[in-house]
Amino acid sequence: MSDSPGIFFDTLTISGSVDDDVTKGTKLHLPSYADRYTDIPRLIRLKFIAQVCPQLRVPALELAIDHVKTTYNVKLYDELYKTLCVAVDRTSLKRLEANGEECSAPNGNEASTSSGRGRIAVPYDSYWVEDNTMEATLMLQELDAELNFKKSNSGSAYVRRILEEIGDHYEKSGNLQMAVKFYARARPYCTSSDNVIIMFRNLIRVSIYMENWWHVLTYVDEAKQYAFGFENLAREVPARLSCAAGLANMGLKIYKSAAQYFLNTPFGRYEYDKIVAPEDVGYYAGLCALATFDREKLQLRAINSEPFKPFFQLSPNMWTILAKFCEGQFDICAQLLREIEAYVRLDVYLSPHLDTLYDMIMGRLLKKMDRKLMTDSVKRYKS
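Criteria and thresholds
Think of each chain on its own: its residues are numbered from 1, step by step along the sequence as written. Residues qualify for local features only when their pLDDT is at least 70, as the model is predicted, and side-chain atom pairs are given and counted only at 80 or more; totals for whole chains, interfaces and linings, by contrast, use all residues. Side-chain descriptors were evaluated using all non-hydrogen atoms of the structure, hydrogens and water having been removed beforehand. Helical segments are the DSSP runs of H or I of at least four residues, strand segments are the runs of E of at least two, and each set is numbered from the N terminus. Exposure categories follow from relative accessible area, calculated using a 1.4 Å probe and restricted to protein chains: below 20% of the type maximum is buried, above 50% is exposed, and the middle band is partly exposed. Contacts are assigned to residue pairs that have any heavy atoms within 4.5 Å of one another. In these tables, accessible area is a Shrake-Rupley quantity obtained with a 1.4 Å probe, and a residue counts as shielded only by the protein chains included in the view. The salt bridge definition used is simple: a Lys or Arg side-chain nitrogen within 4 Å of an Asp or Glu carboxyl oxygen. Pairing of aromatic side chains requires ring centres within 6.5 Å, counting the rings of Phe and Tyr and the six-membered ring of Trp. Pairs whose planes differ by under 30 degrees are stacked, by over 60 edge-to-face, and all others tilted. The directions from the helix axis to the C-beta atoms form the arc being described. Every residue is assigned a pLDDT by the predictor, reflecting its confidence on a scale from 0 to 100. Only the stretch in contact is used when fitting a helix axis, every axis being a line fitted to C-alpha atoms; angles between N-to-C directions are given from 0 to 180 degrees. An angle below 35 degrees is read as roughly parallel, one above 145 as roughly antiparallel, one from 65 to 115 as roughly perpendicular, and any other as oblique. Throughout, a crossing is termed right-handed when the near helix is turned clockwise from the far one, and left-handed when it is turned anticlockwise from it by less than a right angle. Note on residue categories: nonpolar means Ala, Val, Leu, Ile, Met, Phe, Trp, Tyr, Cys or Pro, charged means Asp, Glu, Lys or Arg, and polar means any other residue, Gly included. For a helix, the expected span equals 1.5 Å multiplied by the residue count minus one.

## Examining the overall build of the protein
Move 1: From N to C terminus, the protein includes 19 helices and zero strands.
Move 2: Counting the 383 residues in the protein, one finds 50% classified as buried.
Move 3: In the protein, the share of contacts with a sequence separation of at least 24, taken over all contacts with a separation of at least 6, comes to 67%.
Move 4: When the accessible surface of the protein is summed, it comes to about 18,700 Å², and 51% of that surface belongs to carbon and sulfur atoms.

See below:
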């Protein structure tokens, strides 16, 4: 499993951040940003933003708490609530210190508001915790009983459906290891090619949540190999899995392959939009390509790519950066890269690679600018 800060079950801390100076200037509208994603992806991204951006920590935690209550993940609810209490307390302490008032040490068991300490900003919902825990337990028991019955009295299609429902239940509960186990167990009970592809998509999705990138690539390759046995699937499946393959390659720091896979993602048949929004794909592809492609390939495969154009229309800043690079306006390119840095540092999948990608890109820009200066000097000398 990856050791990047986006792992879903890591203990949430608020002691560290990417760079307060970098993320401080972000103008991200958090509710609109969160609405791009659903289910676990929304929680993963809000949790990451709470970790790395002090400016957005409290609203990110509040949105995450609100959303986690649509799941069965009581453990994460407790974790988020305790972290929110500490974050609100720290905010109140800083405000009191700024006003020159006396303040006591933060208490992680209670939250404060701007009007004073000791008030609970978001009350702990013990009723939801108890009710949700009971409901999740009963539902799992019912599904387990139904699975045993279907195995003895029904065909493969019914067994596969129950196995998928149990996998969905574990996923909703935050137990991703068990979700993978039950999704994989559905394979022998698949009765059509579509069933098999759905199984692989389930495995790929949960492996992305876990940031288990080698497993993602393994499932993508197995799905492609299976699809090649069917004419209709052979045309559609590889392209539809391109984004997942790109994400895995980026996670493994294979940036050139990541760029190629992202750029092969079909906008009209894009299936991972609730994990990686279309505008995210534009930034992922653009930065990976700018770090690894030569100018000719960048022009052909990215800037002038008609199939990929809709992604860049949702992330026009990235397209402009690529265009300025190809036009030789390297100083403007560098300036625009600095302008988007605060935004892209808040992306859970891109942020761990941003320093490396920016170093690669800035190194290229410096070489290009030095070469251009030398060329201009030679021209002036000859004239």
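Text resumes after the structure shown.
## Overview of the pattern of salt bridges
Move 1: Scanning the entire structure with this criterion turns up 16 salt bridges.
Move 2: Lys47 is the salt-bridge partner of Glu79, the closest N and O atoms lying 3.4 Å from each other. Residue Glu79 is found in helix 5 (residues 74-98), and its partner Lys47 is found in helix 3 (residues 39-52); the two are separated by 32 residues along the sequence. For the pair formed by Glu79 and Lys47, the shared burial category is buried.
Move 3: Residues joined by salt bridges that share partners form a network here, namely Arg36, Arg45, Glu279, Asp280 and Asp347.

## Let's talk about the packing of aromatic side chains
Move 1: Considering all chains together, one arrives at 14 aromatic pairs under this definition.
Move 2: Aromatic pair Phe267 and Phe311: ring centres 5.0 Å apart, planes at 80 degrees, arrangement edge-to-face. Of this pair, Phe267 sits in the loop between helix 13 (255-263) and helix 14 (278-292) while Phe311 is found in helix 16 (residues 309-314), placing the two residues 44 residues apart along the sequence.
Move 3: Classification of Phe267 by relative accessible area gives partly exposed; the value is 35%.

## Brief notes about helix 13
Move 1: Considered for burial, the residues of helix 13 that qualify are Tyr255, Ala258, Ala259, Phe262 and Leu263. When helix 13 is viewed along its axis, its buried side chains cluster within an angular range of 125 degrees and face the same direction.

## Digging into the side chain of Asn249
Move 1: Turning to its location among the elements, Asn249 is positioned in helix 12 (residues 242-251).
Move 2: Asn249 sits in the buried class, given a relative accessible area of 6%.
Move 3: The residues contacting Asn249, other than those within four sequence positions of it, are Leu217, Ile254, Ser257, Ala258 and Tyr261.

## With respect to the side chain of Lys150
Move 1: Position of Lys150 among the secondary structure elements: in helix 6 (residues 126-153).
Move 2: Beyond its immediate sequence surroundings of up to four residues, Lys150 is in contact with Tyr158, Val159, Arg161 and Ile162.

## Focus on the environment of Ala289
Move 1: Secondary-structure assignment places Ala289 in helix 14.
Move 2: We classify Ala289 as buried; its relative accessible area is 0%.
Move 3: Sequence separation of Ala289 and Gln260 is 29 residues, and the distance between their C-alpha atoms is 7.7 Å.
Move 4: Apart from the residues lying within four places of it in its own chain, the contact partners of Ala289 are Ala259, Leu298 and Arg364.

## Quick notes on the confidence of the model for the protein
Move 1: Averaged over every residue, the pLDDT of the protein is 84; the share at 70 or more is 82%.
Move 2: The low-confidence segment residues 1-17 (pLDDT under 50) makes 53 contacts with residues lying over four places distant or belonging to another chain.
Move 3: For residues 376-383, every residue scores under 50 in pLDDT, and the model assigns this stretch zero contacts once sequence neighbours within four places are set aside.

## Let's talk about the packing of helix 6 against helix 7 (residues 156-173)
Move 1: Close contact between helix 6 and helix 7 brings their axes to 9 Å; oriented N to C, the two are set at 160 degrees. Taken together, the axes of helix 6 and helix 7 lie roughly antiparallel to each other. Like other packed secondary-structure pairs, helix 6 and helix 7 cross with a definite hand, here left-handed. The residues of helix 7 that touch helix 6, namely those facing Ala136, Met139, Leu140, Leu143, Glu146, Leu147, Lys150 and Lys151, are Tyr158, Val159, Arg161, Ile162, Leu163, Glu165, Ile166, His169 and Tyr170.
Move 2: Broken down by class, the residue content of the contact of helix 6 with helix 7 amounts to 11 nonpolar, one polar and five charged.

## Remarks on helix 4 (residues 57-68)
Move 1: For helix 4, with 12 residues, the first-to-last C-alpha span of 16 Å sits near the 16 Å given by 1.5 Å per residue.
Move 2: When helix 4 is considered as a whole, its buried residues turn out to be Arg57, Val58, Ala60, Leu61, Ala64, Ile65, His67 and Val68.

## Regarding the environment of Ala34
Move 1: Here Ala34 is to be found in helix 2 (residues 30-35).
Move 2: Residue Ala34 is classed as buried on the basis of its relative accessible area of 4%.
Move 3: With 29 residues separating them along the chain, Ala34 and Leu63 place their C-alpha atoms 8.2 Å apart.
Move 4: When residues no more than four places from it in sequence are discounted, the contact partners of Ala34 are Arg42 and Leu46.

## Remarks on unusual backbone geometry
Move 1: Phi at Glu211 takes a positive value of approximately 55 degrees, unusual for a residue other than glycine.
Move 2: Secondary-structure assignment places Glu211 in the loop between helix 9 (193-209) and helix 10 (213-227).
Move 3: Its relative accessible area of 2% is what places Glu211 among the buried residues.
Move 4: With a phi angle near 65 degrees, Lys253 is a residue other than glycine that sits in the positive phi range.
Move 5: With respect to the element layout, Lys253 can be found in the loop between helix 12 and helix 13.

## Points about the environment of Ile197
Move 1: Mapping Ile197 onto the fold places it in helix 9.
Move 2: For Ile197, a relative accessible area of 11% translates into the label buried.
Move 3: Ile197 sits 25 residues away from Glu222 along the chain, and the two C-alpha atoms are 9.8 Å apart.
Move 4: Every residue in contact with Ile197, bar those within four places of it in the chain, is listed here: Ala223, Tyr226, Leu233 and Val237.

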